[in-house]
Amino acid sequence: MSSLATSEAFSEDHRARQKADGINPAYLFALPAATLLAIVVLAPIGIVIGLSFSDYSLGATDWSLVGIRNYANLAHDRSFLNALSNTALYVCVVVSGSVLLGLLLAILVHGTGRMRRVYEVIFFLPVASTLVALGLVWKFMLHSRVGPVNELIAALGFQRIDFFNNPSIAIFALAAIGVWHLVGFNMILFLAGLTGIPRDLYQAAAVDGADGFWDRLFRVTWPMLGPTTIFVTITSTITAFQVFDTVAVITHGGPAGSTEVILHQLYQASFQYFETGYASALTVFFLIIMMAISAVQIFAARGVHYS
Amino acid sequence: MTSATRAVSLDKPAGLPLAPIFAAALKHGLLLLCAATILLPFAWMILAAVKDPADIFSHPFSLDPATLRAGENFGKALSAAPMGLFMLNSLIVVVGVLSVQLVTSIAAAYALAQMKFRGQALLFGLVLFALCIPVQVPALPMYVALAKLGLLNSYFALMFPWFFSAFAIFLFRQHFRTFPQEIINAARIDGFTEIEIVLRLIVPSALPAIAAFSVFSVTAHWNDLYWPLIVVNVTDRMTAPLGLLNFQSAEGVSYGPLMAAATIITLPLICVFLLARRYFVEGVTMTGVK
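Residue positions are given per chain, counted from 1 along the sequence in the order it is written. Here chains are named by letter from A upward and ligands by number from 1 upward, in the order in which they appear as written. The predicted origin of the model limits local features to residues at a pLDDT of at least 70 and limits the giving and counting of side-chain atom pairs to 80 or more, whereas totals for whole chains, interfaces and linings rest on all residues. Side-chain descriptors were evaluated using all non-hydrogen atoms of the structure, hydrogens and water having been removed beforehand.

### Things to note about the nonpolar core
When a protein is soluble and globular, its nonpolar side chains tend to lie buried together. Ranked by size, the top nonpolar core spans 193 residues in total, and within it Phe-123 of chain A together with Phe-172 of chain B carry the most contacts. Here this core takes 16 residues from helix α5 (residues 83-114) of chain B, the largest share from any one element. When checking whether two residues touch, look at their non-hydrogen atoms; a contact exists if any pair is within 4.5 Å. Apart from residues lying up to four places away in sequence, Phe-123 of chain A is in contact with Leu-105, Val-109, Gly-184 and Met-187 of chain A together with Leu-31, Cys-34, Ala-35 and Ile-38 of chain B. In plain words, nonpolar cores are sets of buried Ala, Val, Leu, Ile, Met, Phe, Trp, Tyr and Cys residues tied together by side-chain atoms within 4.5 Å. Each residue gets one of three labels from its accessible area relative to the maximum for its type: buried under 20%, exposed over 50%, partly exposed in between, using a 1.4 Å probe on protein chains only. Numbering of helices and strands runs from the N terminus; a helix is a DSSP stretch of H or I covering at least four residues, while a strand is a stretch of E covering at least two.

Right under this line is the structure:
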């Protein structure tokens, strides 16, 4: 008690001394990070919003404000709407696939005892790997004529699939790689959630007659994993929205624009065609989507309660 | 419910000895199938890297030691493209980024967690805001600024956007807050400066979190393609993923050397992962404890 009181008194004294000295040392500690925050996050966001109302193009000497013209163009730009719908499709497939499969794997791995470590390492391997390198490997494995996946398909008596040259299939092939890359990450999060479920809940459920696998899953495990599921879904959505590496390595947006996604388009408009004003409007749109997903997360985190 | 049915329901596994064995077999069967799918590309990458390029297609499943061309493939990967230089560039970027991140984030997190200052709530609010901002948003203005300053194709350009890490500050603040205020005050009475308190008390107590973040940061920046692709267009400054992408688009590269190059840039990180598995998993789990 007394030590706490002295500590409080000291704290007051310490603060008073800081005031007397003039400069609070806390500022010296916070300053480098705060400065970087201003330079690499806040100022660029302000600038990109400003540029989105201009027709600035990198290297041009004169430019003018054009109001909302860039945004109006965005709404009518076919290639943008195409990229948006491709991205949405990709996100839907990757999120549902990696969340459901991640949950299934976590439930299966959770009860495996000594083998758990081995499975954890294997499923997590893609997360730690360079997607550019493994994207190249996938491109090779899914090759229409010589890829081993098509060898297998042909050996089973089916027709070969030209994964990356068929406009109606290419985006799903990319999404499959996306699921492969993300599923271990989600599994680890679900495993953490599963470990947090008190054992006596299962015992209580067993006393009530719910002791089969499915009973336990639907009455205890799943409801208790509610908050984890929401978190995993949102982080997966954010990750999937940022799909870029596999598109840059494998398809470059083709065939026929079928794998053109928001970030790839953003990259090209910004850094290949230098349409800075238009690219800025695209960036602001991307920012709004990201903020909206984050807002859903904050809202969901408040709304979920399990007593 | 009667006590009899309760006893039966609890004894069910013992009553049906085959069912649990079947369930376990099914479980491991499913897991092994998924594990095989996950491992397949890695196996292929390594196989193609050590085989004769002709054999990759004609005999995809064989591994005949007589026709192995590992030396040739890896030799080509290292000579046709300066993979060694790309790896060195990546190493410089990863170490540089992490060093600055740790110094600035630990200091700021300590100020936010254990000190009091005007604007504290605002700074923390901005850190939370920055957590939601993907790097592609500030990328365009930062590129324009770096271009105007003539700093493209430099290590500084490769590292600069990452010097600030909202995630590191947030994570460290959560950990530093759990450090008892009384011990810090006692240390202040004993004449410790704030820097000594951070280095001798706070940092050692938060080492697992610092290790987890470090592994997280190194992985992210070793693997990053987007930013290097933007600010670098000379071979001398290419990082490993960008170098590999460039190597792939170079004319006449066959699969053997290409897969050897892919193996070369993937292997270091896999070794780090296998050695620091615990911190990888902790790092991921920490993203979930917001």
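### Some details on the pattern of salt bridges
Here, a salt bridge means any side-chain nitrogen of Lys or Arg that lies within 4 Å of a carboxyl oxygen of Asp or Glu. Inspection of the entire model under this criterion finds 4 salt bridges over all chains. A salt bridge links Glu-120 of chain A to Arg-116 of chain A; the nearest nitrogen and oxygen atoms lie 3.1 Å apart. Highlighted residues: Glu-120 of chain A and Arg-116 of chain A, both in helix α5 (residues 116-128), separated by 4 residues, approximately one helical turn. Overall, the relative accessible area of 22% leaves Arg-116 of chain A in the partly exposed class. The partner of Arg-188 of chain B in a salt bridge is Glu-194 of chain B, with the nearest N and O atoms 2.7 Å apart. Classification of Glu-194 of chain B by relative accessible area gives buried; the value is 9%.

### Some thoughts on the confidence of the model for chain A
All names here are of chain A. Known as pLDDT, the predictor's per-residue confidence is scaled from 0 to 100. Of the residues in chain A, 91% have a pLDDT of 70 or more, and the chain-wide mean is 86. When mean pLDDT is taken per element in chain A, helix α4 (residues 78-110) scores highest with 95 and helix α1 (residues 2-21) scores lowest with 52. In this model residues 1-5 is a low-confidence stretch, pLDDT under 50, and it forms 1 contact with partners more than four residues away in sequence or in other chains.

### Regarding the packing of helix α13 (residues 262-271) of chain A against helix α7 (residues 136-148) of chain B
Lines fitted to the C-alpha atoms define the axes, with helices restricted to the stretch that makes contact. Angles between their N-to-C directions range from 0 to 180 degrees. Relative to each other, α13 of chain A and α7 of chain B sit at 10°, their axes nearing to 11 Å. Between α13 of chain A and α7 of chain B, the angle falls in the class roughly parallel. When α13 of chain A is examined against α7 of chain B, the residues Leu-263, Leu-266, Ser-270 and Phe-271 of chain A are found in contact with a partner set consisting of Gln-136, Ala-139, Leu-140 and Tyr-143 of chain B. A breakdown of the residues in the contact of α13 of chain A with α7 of chain B according to their chemical character gives 6 nonpolar, 2 polar and no charged. Working rule for angles: under 35 degrees goes down as roughly parallel, over 145 as roughly antiparallel, 65 to 115 as roughly perpendicular, anything else as oblique. Polarity classes work like this: nonpolar for Ala, Val, Leu, Ile, Met, Phe, Trp, Tyr, Cys and Pro, charged for Asp, Glu, Lys and Arg, and polar for all others, with Gly in that last group.

### Some remarks on the UniProt feature "transmembrane region" (unreviewed entry) in chain A
All names here are of chain A. Following the UniProt record, one finds the feature "transmembrane region" (unreviewed entry) at residues 27-53, 88-109, 121-141, 169-192 and 278-300. Note that residues 27-53 is 93% helix and 0% strand, and that its end C-alpha atoms are spaced 36 Å apart. What you have in residues 169-192 is 96% helix and 0% strand, and the ends, taken at the C-alpha atoms, are 35 Å apart. UniProt positions are given in the numbering used here, feature names are shortened, and annotations may be inferred rather than shown by experiment.

### Regarding the UniProt feature "transmembrane region" (unreviewed entry) in chain B
Residues and elements named next belong to chain B. Mapped onto this structure's residue numbering, the UniProt feature "transmembrane region" (unreviewed entry) falls at residues 30-50, 86-110, 122-146, 152-172, 197-218 and 255-276. In residues 122-146, helix accounts for 84% and strand for 0%; the two terminal C-alpha atoms are 28 Å from one another. Overall, residues 197-218 shows 95% helix and 0% strand. The separation of its end C-alpha atoms is 27 Å.

### With respect to unusual backbone geometry
Both trends apply: most residues other than glycine have a negative phi, and most peptide bonds are in trans. With omega at -5°, the peptide bond leading from Gly-254 of chain A into Pro-255 of chain A counts as cis. With respect to the helices, strands and loops of the structure, Pro-255 of chain A is situated in the loop between α12 (245-251) and α13. A positive phi is found at Ala-256 of chain A, a non-glycine position, where the angle reads about 55°. Note that Ala-256 of chain A resides in the loop between α12 and α13. For Ala-256 of chain A, a relative accessible area of 76% corresponds to the exposed category. At Asn-153 of chain B, a position not held by glycine, the phi torsion is positive, near 60°. Here Asn-153 of chain B shows up in the loop between α7 and α8 (155-159).

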